[in-house]
Amino acid sequence: MAGNEWINGYLEAILVSGASAIEDSKATPIALREGGHFNPTKYFVEEVVTGVDETDLHRTWIKVVATRNTRERSSRLENMCWRIWHLARKKKQLEVEDQQRLAVRRWEREQGRRDATEDMSEDLSEGEKGETVGELLPGETPKKKFQRNSSNLEVWSDDNKEKKLYIVLISLHGLVRGENMELGRDSDTGGQVKYVVELSRALARMPGVYRVDLFTRQISSPEVDWSYGEPTEMLTVGAEDADGTDVGESSGAYIIRIPFGPRDKYLRKEVLWPHIQEFVDGALAHILNMSKVLGEQIGGGQPVWPYVIHGHYADAGDSAALLSGALNVPMVLTGHSLGRNKLEQLLKQGRQSKEDIDSTYKIMRRIEAEELSLDAAELVITSTKQEIDEQWGLYDGFDVKLEKVLRARARRRVNCHGRYMPRMAVIPPGMDFSSVEVQEDAPEVDGELTALASSDGSSPKAVPAIWSELMRFLTNPHKPMILALSRPDPKKNITTLLKAFGECRPLRELANLTLIMGNRDDIEEMSGGNASVLTTVLKMIDKYDLYGQVAYPKHHKQSDVPDIYRLAAKTKGVFINPALVEPFGLTLIEAAAHGLPMVATKNGGPVDIHRALNNGLLVDPHDQEQIASALLKLVSEKNLWIECRRNGWRNIHLFSWPEHCRTYLTRVAACRMRHPQWKTDTPKDEVAADDSWNDSLKDVQDMSLRLSVDGEKISLNGSLEHLAAASGEHELQDQVKHVLSRIKKPERASQDSEGGKKVVDNVPSKYPMLRRRRRLIVIALDYYDSNGAPEKKMIKIVQEIMKAVRSDSQTARFSGFALSTAMPVSETVEFMKSGKIEPSEFDALICSSGSEMYYPGTYTEEDGKLLPDPDYASHIDYHWGRDGLKNTIWKLMNTDEVKGGKSKNPSKPIEEDGKSSNAHCVSYLIKDLSKVKKVDDLRQKLRMRGLRCHPMYCRNSTRLQVIPLLASRAQALRYLFVRWRLNVTNMYVILGETGDTDYEELRSGTHKTVIMKGIVEKGSDELLRKSGSYHRDDVIPGDSPRVAYTSGEATASDIAKALQQVAKSTA
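The name given to the protein chain in an unreviewed UniProt entry is Sucrose-phosphate synthase, with Vitis vinifera as the source organism. Under the UniProt heading Sequence similarities (unreviewed entry), the note attached to the protein chain is "Belongs to the glycosyltransferase 1 family." Regarding the protein chain, the UniProt comment filed under Subunit (unreviewed entry) reads as follows: "Homodimer or homotetramer."

Structure, rendered in structure tokens:
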């Protein structure tokens, strides 16, 4: 009921003065005579129904109008009146709650800025302190120029031709294909699909770009065309060198479809969330394969990593954050539309509570995905400045004022203590002008229209079919055409445009109005909002008797749109976008390219477009007289019309795809470039030089085990060459020859009956055995007592798991073990030794909640002490500010934040746990569980202070551990994939029914999962989310063939069966 406050007041007057009369009238209904006195109830209901997008009310109103019996109609009208009163009361209640929520949020944001300023001001001089604090004063309106450093950027040019970049774009939802796009088929297949496809093509044509992959979902469903099930689709071939030779067989732009979620179902975007991690693993596998292929083609044998990973919309942003973290490459984000902005709008409408909105749109999961995207993004691309200020400014992870301070400190090279805000860049969307025919006024224009409109039986000149469809509505098609093209959405404000046209007689006499309002078959079958708008349009055409002056076709094709613009331009018409708020306004650019001046809303993106093109007038969308006046001015003043037309053509190149891509690549090049630095593979012909003696012996031993399965006993000094040749493994045969040639004392490997394997396992190796494993069993049971110590029973469970894996001789030879735990490495080793388990029996130890990685037998000191993987340490160091986090978390946890100040707690709920901390993990002991903040609340407050990290509660809620943003136990598994090429799909993760607060991350993805029931009775998940947040079902998929269950009392045989079950179900 927004925009109809006078109606609310009128209703209150009716209810106050005549509520009793209305109640009495239910027993004796008042007859409503068409020719009788004015009936305020009927008038009120009609005005509300026509002015409000309320599906149920609209349908009821249709029934009321159709009711012939006056008594029944009177009763229905009065019932509707009461329904509207309850709706208004509900709206007011929601408005009060919303105001309270916004007030708390504003206070929290100011508190966050103040804390950040206090922490950072210690490093500044007195003058700088004043300047910084002054920048954050609430009363100051900062003059933001987000492109102020553009002059310092090196503009992308042909000089970058030799770079040969690999760029990854992600757009998950909807139906994505290169040709015959089904735009408008549903709410998920719209302008974003066209945008990402055209961006992919345009980037692939830029100098220096070798390949562009556009990732989306593979859909093999009878509901959609077969083409959406094709794994790969070429969009364009690669650019050619100056001499005309092709740059490579893998160059160009491609759509890569990754299967995730149900294979045979087309899912709307709101239900894709639980399957995001599955997509990430599939996309990661493709990127690793492609990096190797491109390395052979253009990288000199070294992998070619993505230059950037660009997520479009929240779901793709979430995926891009995980992928960029796994690969350690920069991430870019384009929001397209934002969840917080949508939530605010829906709450203001007053029809749904926050819980109802979340149930329908999964809005809280979407908002958290956008926050995570902001955490990881180097660059956020927007279409307009309004999107930065009024939309991204709603998020915890972006504060315009704090971003300004952090950028100033970075320029001065002053320490920001780990605080970070992503950079925002306004880059308007590009447009493909290939279908645009730029024609000055020609004498045949009138001839075409005359021939089309003639009825003398002569053969008309061939013209587009859509012209004929439009002409049949118009009495005089020669008049200038006012064109509006949008969905029949209440926000598009079509009814105000029609009212302005209908009530302005000079405008009706001078021009026709054409409304292209999507495609429809039956209005009754359309959604409530769209149906309401279309019904109102038809009623208003009848009310103002606009027959012959307004065209409103039921159908049009996407290919008809350029012809519609051309027709409007030939008649010297005007394009109008009267939307209440327009995020960008791509149709305004399309219209300008076809030579149409514009009238557009002054709210949103059209302001920036008008500033660039200067080809029309801006209006207040709520002021129908201003709309009519602007339209009349453009169609009546010929010189002004010509000037606007030429201005649009003169500057339209600013919105071309080449210009967009040039600015895009310039901005991306200014990001902090990073990619994996390690040498991923060791050449097979350099085993002697690069591999240790131990690795070579393990190769031989693996082969020996493989050959002995058939019952033939093999010794290390036996005839290995013959047997390797017989098995057809030529590479292995060469390796065996190389190893045997180096053996000085063959008997060394078999000094005692079981010593062969033991000696081999205990010899330090340069490269972990992980690189030779084909299967990894990851034990991630969070089984702790009330003090956070591992339960003694867990030793037996680990032993049973290892026994189960080794019982199968077929898989044991290429299976390895990893232990994933929240404990530090010292406690982990101590725990294993308590059960007489040697650390060397594990290929990897993921310790401190994923902040450290160890390879027993590989990185060790002379005294046997394990050393962390240095590559992993540098991999997760991105945006890590340990000291700043320690100070901030201590303040947040040990003070009660109350509006207007802080009050100290008599007891501190946490204390630092130095024993469990390391360079990339800050650990705290929980002293008072009732006073600690939940993970999402803590993360929100840290984001507001510019701190990006991964906080979690672990070890049966006895510890709080804060680790880098790119670190987690789930991401550590992807690191093993990237580093050692052990595919995540070949990992088996063994979990309890609950665990630490990162448990949900370990449940999703393409790895296999075995859940042991009944052992982990209490985890830390009650500290994960506060009420009103998203739910577990939004993260973990329901029934999955990748999950098997077994009992906590399971024997080795039971565990082996569970592993076999989950392996077969996904084979």
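The discussion continues.
K.L.:
How would you explain the overall build of the protein chain if you had to name every residue and give the values?
P.N.:
Along the backbone of the protein chain there are 38 helices and 27 strands. Burial analysis of the protein chain (1067 residues in total) assigns 57% to the buried set. The contacts in the protein chain between residues at least 6 apart in sequence include a share of 73% that link residues at least 24 apart. Entry remark: accessible area of the protein chain is about 45,700 Å², with carbon and sulfur atoms responsible for 49%.

K.L.:
Hey, could you go over the environment of Ile482 for me, with residue numbers and the actual values?
P.N.:
Locating Ile482 in the fold gives a position in strand E9 (residues 481-485). Residue Ile482 is classed as buried on the basis of its relative accessible area, which comes to 0%. Through-space distance from the C-alpha of Ile482 to that of Ala568 is 7.2 Å; in sequence the pair is 86 residues apart. Leave out the neighbours within four places in its chain, and Ile482 touches Phe501, Leu507, Ala511, Asn512, Leu513, Thr514, Val574, Ile576 and Leu631.

K.L.:
Before we move on, can you summarise the pattern of salt bridges with the specific residues and values?
P.N.:
Under the criterion given, the structure shown has 53 salt bridges. The closest approach of N and O atoms between Asp489 and Arg487, which form a salt bridge, is 3.5 Å. The buried category is assigned to Asp489, whose relative accessible area is 14%. Relative accessible area serves as the criterion here: at 48%, Arg487 is assigned to the partly exposed category. Between Glu841 and Arg806 there is a salt bridge whose closest N-O contact spans 3.1 Å. Placement of Glu841 in the loop between helix H32 (825-834) and strand E17 (844-847) and of Arg806 in helix H30 (residues 793-806) is noted, with a sequence separation of 35 residues between them. Look at Glu841 and you get partly exposed, because its relative accessible area is 26%. Through salt bridges with shared partners, one network takes in Glu368, Asp375, Arg939, Arg943 and Arg948.

K.L.:
Can you tell me about the packing of helix H34 (residues 882-893) against helix H35 (residues 935-944), naming the residues and giving the values?
P.N.:
Taken N-terminus to C-terminus, the directions of H34 and H35 make an angle of 125°; their axes are 11 Å apart at the nearest point. In terms of their interaxial angle, H34 and H35 are classed as oblique. Crossing handedness for the pair H34 and H35: right-handed. When H34 is examined against H35, the residues Leu885, Thr888, Ile889, Leu892 and Met893 are found in contact with a partner set consisting of Leu938, Lys941 and Leu942. Here the contact of H34 with H35 is composed, by residue class, of six nonpolar, one polar and one charged.

K.L.:
How would you explain the nonpolar core if you had to name every residue and give the values?
P.N.:
Grouped together as the largest cluster of nonpolar side chains are 106 residues, with contacts concentrated most on Ile170 and Phe279. Sort the elements by how many residues they give to this core and helix H7 (residues 276-298) lands first, with ten residues. Mapped onto the domain boundaries, this core takes at least three residues apiece from domain 2 (161-237 + 248-426) and domain 4 (770-877 + 966-1065). Residue contacts for Ile170: discarding those within four places in its chain leaves Leu214, Phe215, Phe279, Ile309, His310, Gly311, His312, Ala316, Ala320 and Leu323. Counting 70 residues, the second largest nonpolar core, distinct from the first, contains Leu474, Tyr565, Phe575 and Ala592.

K.L.:
Let's hear about the confidence of the model for the protein chain: which residues, and what values?
P.N.:
Scored by pLDDT, the protein chain comes out at a mean of 80, with 78% of its residues at no less than 70. The low-confidence segment residues 12-36, where pLDDT is below 50, has 30 contacts with residues more than four positions distant or belonging to other chains. A low-confidence stretch, residues 49-53 stays under pLDDT 50, and its non-local contacts, those more than four residues away or across chains, total 16 contacts.

K.L.:
Residues and numbers for the pairing of E17, please.
P.N.:
Judged by which residues are buried, E17 turns out to be covered on both faces: Ala844 and Ile846 on one side and Leu845 and Cys847 on the other are all buried. Note: strand E16 (residues 815-820) against E17, three bridges, orientation parallel. Residue pairing across strands places Ala818 opposite Ala844, the latter belonging to E17. Handedness of the E16-H32-E17 crossover: right-handed. Looking at chain direction, E17 and strand E18 (residues 852-854) are connected through three bridges and run antiparallel. Looking at E18, one finds that Cys847 is bridged to Glu852. In textbook terms, the turn of a hairpin is the stretch between consecutive antiparallel strands, and for E17 and E18 this stretch comprises four residues, one of which, Ser848, has a positive phi near 50°.

K.L.:
Summarise a negative patch on the surface; cite the residues concerned and give the values.
P.N.:
A contiguous patch of negative charge on the surface is contributed by Asp521, Asp522, Glu524 and Glu525. Mapped onto the secondary structure, Asp522 falls in the loop between strand E10 (512-516) and helix H18 (528-543).

K.L.:
With reference to specific residues and values, describe unusual backbone geometry.
P.N.:
Although it is not a glycine, Tyr313 sits at a positive phi angle of roughly 80°. Of note, Tyr313 is situated in helix H8 (residues 313-327). Overall, Tyr313 belongs to the buried group, its relative accessible area being 5%. Phi angles above zero are rare outside glycine, and Asp545 is one such case at about 50°. Structurally, Asp545 is set in the loop between H18 and strand E11 (550-551).

K.L.:
Describe the state of the cysteines, listing the residues and the values that go with them.
P.N.:
Tallying each qualifying case throughout the model produces zero disulfides. Cys954 takes part in no disulfide bond, and the closest cysteine sulfur, belonging to Cys921, lies 7.5 Å away.

K.L.:
So what about the environment of Pro303? Which residues, and what values?
P.N.:
Relative to the elements of secondary structure, Pro303 occurs in the loop between H7 and strand E5 (308-312). Residues Pro303 and Leu288, spaced 15 residues apart in sequence, show a C-alpha to C-alpha distance of 8.3 Å.

K.L.:
Provide a residue-level description of the environment of Leu406, including the pertinent values.
P.N.:
With respect to the helices and strands, Leu406 occurs in helix H13 (residues 400-412). Assessed through its relative accessible area of 6%, Leu406 is described here as buried. Linking Leu406 and Cys416, residues ten residues apart in sequence, is a C-alpha distance of 6.8 Å.

K.L.:
Talk me through helix H22 (residues 624-636); I want residue IDs and the actual numbers.
P.N.:
In this model H22 runs 18 Å from its N-terminal to its C-terminal C-alpha over 13 residues, within 8% of the 18 Å that 1.5 Å per residue would give. All buried positions along H22 are accounted for by Ile627, Ala628, Ala630, Leu631, Leu634 and Val635. The buried residues of H22 occupy an angular sector of 165° when the element is viewed end-on, so they sit on one face. Its side-chain oxygen placed 3.1 Å from the backbone nitrogen of Glu625, Asp623 serves as the N-cap of H22.

Procedures and definitions
Throughout, residues of each chain are indexed from 1 in the direction in which the sequence is written. Two thresholds apply to this predicted model, a pLDDT of at least 70 for residue-level local features and 80 or more for giving and counting side-chain atom pairs, whereas whole-chain, interface and lining totals are computed over all residues. Remark: hydrogens and water are excluded; side-chain values derive from all non-hydrogen atoms of the structure. UniProt positions are given in the numbering used here, feature names are shortened, and annotations may be inferred rather than shown by experiment. Only DSSP runs of H or I with at least four residues qualify as helices, and only runs of E with at least two residues qualify as strands; both kinds are numbered from the N terminus onward. Think of it in three bands: with a 1.4 Å probe and only protein chains considered, a residue is buried below 20% of the maximum accessible area for its type, exposed above 50%, and partly exposed in between. Contacts between residues were defined by any pair of non-hydrogen atoms, one from each residue, lying within 4.5 Å. Areas reported as accessible are Shrake-Rupley estimates using a 1.4 Å probe. Residue values count occlusion only from the protein chains shown. Any Lys or Arg side-chain nitrogen found within 4 Å of a carboxyl oxygen on Asp or Glu counts as a salt bridge. Every axis corresponds to a line fitted to the C-alpha atoms, with the helix fit spanning only the stretch in contact, and the corresponding angles, defined between N-to-C directions, vary from 0 to 180 degrees. Working rule for angles: under 35 degrees goes down as roughly parallel, over 145 as roughly antiparallel, 65 to 115 as roughly perpendicular, anything else as oblique. Whether a crossing is left-handed or right-handed is set by the direction in which the near helix is turned from the far one by less than a right angle, anticlockwise for left-handed and clockwise for right-handed. The classification used treats Ala, Val, Leu, Ile, Met, Phe, Trp, Tyr, Cys and Pro as nonpolar, Asp, Glu, Lys and Arg as charged, and all other residues, Gly among them, as polar. We define a nonpolar core as any set of buried Ala, Val, Leu, Ile, Met, Phe, Trp, Tyr and Cys residues linked to one another through side-chain atoms lying within 4.5 Å. Start and end positions for the domains come from either an automated domain assignment or a database one. Scored from 0 to 100, pLDDT records how confident the predictor is in each individual residue. Note on pairing: DSSP must find at least two bridges between two strands before they are called paired. Handedness of a crossover is defined as follows: orient the strands so they point away from the viewer, and if the path from the first strand over the helix to the second runs clockwise, the crossover is right-handed. Patch membership needs two things, relative accessible area over 30% and no salt bridge, and members are linked within 9 Å if like-charged or within 5 Å if nonpolar (Val, Leu, Ile, Met, Phe, Trp, Tyr). In this tally Asp and Glu are treated as negative and Lys and Arg as positive; neither His nor the chain ends contributes. For this purpose, a charge sits on NZ of Lys, CZ of Arg, CG of Asp or CD of Glu. In plain terms, two cysteine sulfur atoms within 2.5 Å form what is called a disulfide here. Here a helix's expected span is defined as the number of its residues, less one, multiplied by 1.5 Å. Here the arc refers to the directions that run from the helix axis out to each C-beta atom. Pairs of N or O atoms are called polar contacts if they sit within 3.5 Å, as long as, within protein, a hydrogen donor faces a hydrogen acceptor (for residues adjacent in sequence, only side-chain-to-side-chain pairs).

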